Amino acid sequence: MSNPTLVMYDEEFQEVNDVIGRLLTEANAKVIFLVDKNGQLISGVGETDRFDTTSLASLTAGNIAATGGLAKLIGEKEFSILFHEGEKDNLHISIVGGRVILVVLFDARSSLGLVRLRVKKSSEELSAIFAKLKKKSEEREKRGSSDFPFAEITDDDIDNLFS
Amino acid sequence: MSFINYASREINCKIVYYGPGLCGKTTNLQFIYQKTAPEAKGKMISLATETERTLFFDFLPLSLGEIRGFKTRFHLYTVPGQVFYDASRKLILKGVDGVVFVADSQEERIDANIESLENLRINLKEQGYDLDNLPYIIQYNKRDLPDVMTIEELHRELNPTNVPEFEACATTGEGVFETLKAVAKLILVDLKKGK
């Protein structure tokens, strides 16, 4: 089944946060999110408390999916960068390593040029981390040591969720 | 595609409500939203037309509690049911972990149900999924209406593979949570197998 579960481990999570944390400073952005293409929030840095991050993640993924559909219709593989300009805040959305979405929210204290430049550099670093993560999951799976926290759950555990 | 985050100890899964136009997919989500405690739910998003028809999707994030120290979150999506929104429907199915097919029990909607179910199978296949290998259940909605088919008839037409099925009336909420629990359980059992 073409349904590999995305798994995030502590080590890579820290690395990812370091990269987007640095990007936040270098691009002078307000908030930065990483979202997977299915709309799940992977991580966020900056003024995340001010935003409904779950909704943002879901809508971003929907946005990328819809533009991806448009791209295919005109014979493009994908549109890898989207930019939304508002009166005060702007969104720069880009696809990283073909599998995750990087969202940068910034205002007049930064500029599109700066954000694009910094995003490009960070994207390469993030791509490398996600490639490593993929390899790690595959290796673990091969070894058969899938350390799913769910491997040992019982029916009772599941039933308890709904009680 | 579920997302397991060891760093924040979270598991995220995606459930899609599929079915023909006006079968009650959005109503299912609205009922769940209304009856869920504020701390267990996020904001419900509906991308709909001015006449309240789903244009792209509805989205409802739910947090069910913890299993073995992991927070389990379910993201509920509906697809736009109207036939001509097929391109959008395909997009919503990306990364799905479980499907609820909401059937309209009214006699005159049986063809629409069959067409939508075929469409679900085709669209899943395009994404590399097989409906028979996915956590999947059927809800026979609108049981309160007068011109409904019997469960036996609906079962014969729509459920040849004998997946779990539920009767519902989404406007009053009957069967809505039973449906959600059943699909969530199937997904968790699937995860347990380490698929």
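So, how was this worked out
Residues numbered from 1 in each chain as written. Chains lettered and ligands numbered in written order. Predicted model: local features only at pLDDT ≥ 70, side-chain atom pairs only at ≥ 80, totals over all residues. Contact = placed C-beta atoms within 7 Å. Helix = DSSP H or I, 4+ residues; strand = E, 2+ residues; numbered from the N terminus. Nonpolar A, V, L, I, M, F, W, Y, C, P; charged D, E, K, R; others polar. Expected span 1.5 Å × (residues − 1). Buried ≥ 20, exposed ≤ 12 C-beta atoms within 10 Å, placed from the backbone. Core = buried A, V, L, I, M, F, W, Y, C linked by C-beta atoms within 7 Å. Pairing = 2+ DSSP bridges. Axes fitted to C-alpha atoms, helices over the stretch in contact; angles between N-to-C directions. Parallel < 35°, antiparallel > 145°, perpendicular 65-115°, else oblique.

Draft legend 1. View of the interface of chain B and chain A. Contact with chain B, which involves 37 residues of that partner, is made by 35 residues of chain A. When contributions to the side of chain B that touches chain A are tallied by element, the ones reaching two or more residues are strand S1 (3-5), strand S2 (10-18), strand S4 (54-67), strand S5 (70-78), helix H2 (86-92) and helix H5 (176-192) of chain B. Residue composition of the side of chain B that touches chain A, grouped by class: 18 nonpolar, 11 polar and 8 charged.

Draft legend 2. Structural context of helix H3 (residues 112-142) of chain A. Residue and element names in this part refer to chain A. The end-to-end C-alpha distance of H3 is 43 Å, a good match for the 45 Å that 31 residues give at a rise of 1.5 Å each. Looking only at H3, the buried set comprises Val115, Arg118, Val119, Ser122, Leu126, Ile129, Phe130 and Leu133. Packed against the buried residues of H3 are helix H1 (10-26), strand S5 (90-96) and strand S6 (100-106).

Draft legend 3. Layout of the nonpolar core. One finds A:Ile32, A:Val35 and A:Val104 to be the most contacted residues of the largest nonpolar core, which totals 93 residues. If you tally residues by element for this core, the top one is H5(B), at 9 residues. Those residues in contact with A:Val104, other than ones at most four positions away along the chain, are A:Ala27, A:Ala29, A:Ile32, A:His92, A:Val115 and A:Val119.

Draft legend 4. Quick look at the sheet that holds S5(A). All names here are of chain A. Taken in spatial order, the 5 strands make up an open sheet running S3-S2-S6-S5-S4, and their pairing is antiparallel. The open sheet is flanked by strand S3 (41-46) and strand S4 (81-85), the only strands paired with a single partner. Averaged over all adjacent pairs, the angle separating strand axes in this sheet is 15°, with direction ignored. As judged from the 5 bridges shared by S4 and S5, these two strands associate in the antiparallel manner. Each bridged residue has a counterpart across the sheet, and for Leu82 the counterpart in S5 is Ile93.

Draft legend 5. Spatial organisation of the packing of H1(A) against H3(A). All names here are of chain A. Interaxial distance between H1 and H3 falls to 10 Å at its minimum, and their mutual angle equals 175°. Comparing their axes, H3 and H1 come out roughly antiparallel. Counting all contacts with H1, which are made through Glu12, Glu15, Val16, Val19, Ile20, Leu23 and Glu26, the residues of H3 involved are Arg118, Val119, Ser122, Glu125, Leu126, Ile129, Lys132 and Leu133. Of the residues in the contact of H1 with H3, the class split is 8 nonpolar, 1 polar and 6 charged.

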